[in-house]
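Okay, here's what each chain looks like letter by letter:
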Amino acid sequence: MKISMIRDLLDAEVLCSEESLDHEVYSACGSDMMSDVLAYVKDQAVLLTGLVNPQVIRTAEMMDMVCIVFVRSKRPTPAMVQMAEADGIVVMATSKRMYEACGMLYANGLIGTATHV
Amino acid sequence: MSEPLIFHFDVDGENFTSAGQASTQVKKNLRQLGLSPDIIRRVSIAMYEGEINMVIHADGGTADVGVTEEYVEIVLKDHGPGIPNVEQAMQEGFSTATDTIRSLGFGAGMGLPNMKRYTDSMEIDTVVGVGTTITMRVNL
């Protein structure tokens, strides 16, 4: 799935790194606990979260993720968007709730990867 | 064998926002050295979890990352409260973090287990009331 399709499915607003919308992604995870993201995900690409603080961006950086979706109309701060942009991570925001957003992406072929390393 | 490369960082314990800066820098340095993405990711995550722990529990500390031809070694040192029961602390889900820390997305009791999971060896040297030194290695 292209990142642009995530934007379309979730009716999301892209906040940075639009040049990477053609990037193909194959897996995603949804969590508000960054330690769980760091523990359970492998070869992940997309993070869906309702948590808003700079450690969300850092976690994505550490995991080599390429896209972060903020759900429930949460908005990252300008400093967070800058951090993500510097690392080429696409950031978008949607009004959809976590359950609905994950369900829509899963139903359209973006699977989860709940495996330890 | 050539001398190991050492990267030294001071981890600010007062600032949750900046936590992880050292890990971000190490990731960049290891990329420049041409290490494989898998190795870089494992080192970065293990160090990041350790850095977060130092900020949450120990008012910061120091991080030293050494790169040899055989391994990457991460030494995290703090003068925090120490870990009274290491075996308990290593259990997934055990945490002494406050609700405030949990609301920031950490304190799920996964930090130390994650650090062990992503590295080839991990040693914890801790004395209650004195501090903790954690030494991790990822083999190349």
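To be clear, the structure that these remarks concern was listed above.
Residues numbered from 1 in each chain as written. Chains lettered and ligands numbered in written order. Predicted model: local features only at pLDDT ≥ 70, side-chain atom pairs only at ≥ 80, totals over all residues. Heavy atoms only, no water.

### Topic: the interface of chain A and chain B
Where we set the bar: Between two residues, a contact is recorded if the distance between any of their heavy atoms is within 4.5 Å. When two components associate, each loses some accessible surface as probed by a 1.4 Å sphere; the sum of these losses over both components is called the buried area. Within this document, salt bridges are pairs made up of a side-chain nitrogen of Lys or Arg and a carboxyl oxygen of Asp or Glu, the two lying within 4 Å of each other. By the criterion applied in these results, polar contacts are pairs of N or O atoms within 3.5 Å in which, for protein atoms, one can donate a hydrogen and the other can accept it, and in which residues neighboring in sequence qualify only through two side-chain atoms.
Each partner contributes to the interface: chain A provides 24 residues, whereas chain B provides 29 residues. Summing both sides of the interface, chain A and chain B together bury roughly 2,100 Å²; the carbon and sulfur share of this comes to 52%. Applying the counting rule to chain A against chain B returns 3 salt bridges. A salt bridge links Asp64(A) to Lys27(B), with the nearest nitrogen and oxygen atoms 2.7 Å apart. Here chain A and chain B share 17 residue pairs in polar contact (both at pLDDT 80 or more) between them.

### Structural notes on the pattern of salt bridges
Stated formally: Each helix corresponds to a stretch of at least 4 residues labelled H or I by DSSP, and each strand to a stretch of at least 2 residues labelled E; elements are numbered beginning at the N terminus.
Overall, the coordinates contain 9 salt bridges over all chains when judged by the stated rule. Two residues, Asp8(A) and Arg7(A), come together in a salt bridge whose shortest N-O distance is 3.0 Å. A salt bridge links Asp64(A) to Arg31(B), with the nearest nitrogen and oxygen atoms 3.9 Å apart. Taken together, the positions of Asp64(A) in the loop between α3 (54-62) and β4 (67-70) and Arg31(B) in helix α1 (residues 21-33) put the pair across two chains.

### Concerning the packing of aromatic side chains
Two numbers describe a pair of aromatic rings. These are the distance of the centres and the angle of the planes. All names here are of chain B. Cut-off, in case you're wondering: Within 6.5 Å between ring centres, the rings of Phe, Tyr and Trp (the latter by its six-membered ring) count as paired, and their orientation is classed by plane angle as stacked under 30 degrees, edge-to-face over 60, tilted in between. Burial here depends on accessible area, computed with a 1.4 Å probe over protein chains only, as a share of the maximum for the residue type. Under 20% is buried, over 50% is exposed, and the range in between is partly exposed. Charges are assigned to positions over rings by a cutoff of 6 Å between ring centre and Lys NZ or Arg CZ, combined with an angular limit of 35 degrees from the ring normal.
Scanning the model with the defined rule gives 2 aromatic pairs over all chains in all. Residues Phe 16 and Phe 106 carry aromatic rings whose centres are separated by 6.1 Å and whose planes lie at 70 degrees to one another, so their mutual orientation is edge-to-face. Highlighted residues: Phe 16 in the loop between β1 (5-12) and α1 and Phe 106 in the loop between α4 (99-103) and α5 (111-118), separated in sequence by 90 residues. Residue Phe 106 is classed as buried on the basis of its relative accessible area, which comes to 1%. For the pair Tyr 48 and Phe 106, a centre-to-centre distance of 6.2 Å together with 80 degrees between the ring planes defines the contact as edge-to-face. Here Phe 106 lies in the loop between α4 and α5 and Tyr 48 lies in helix α2 (residues 37-58), a separation of 58 residues in the sequence. Put simply, the rings of Phe 16, Tyr 48 and Phe 106 touch in pairs and so form one group of aromatic residues. In this structure, Arg 137 is placed above the aromatic ring of Tyr 71, and the distance from its NZ or CZ to the ring centre is 3.8 Å.

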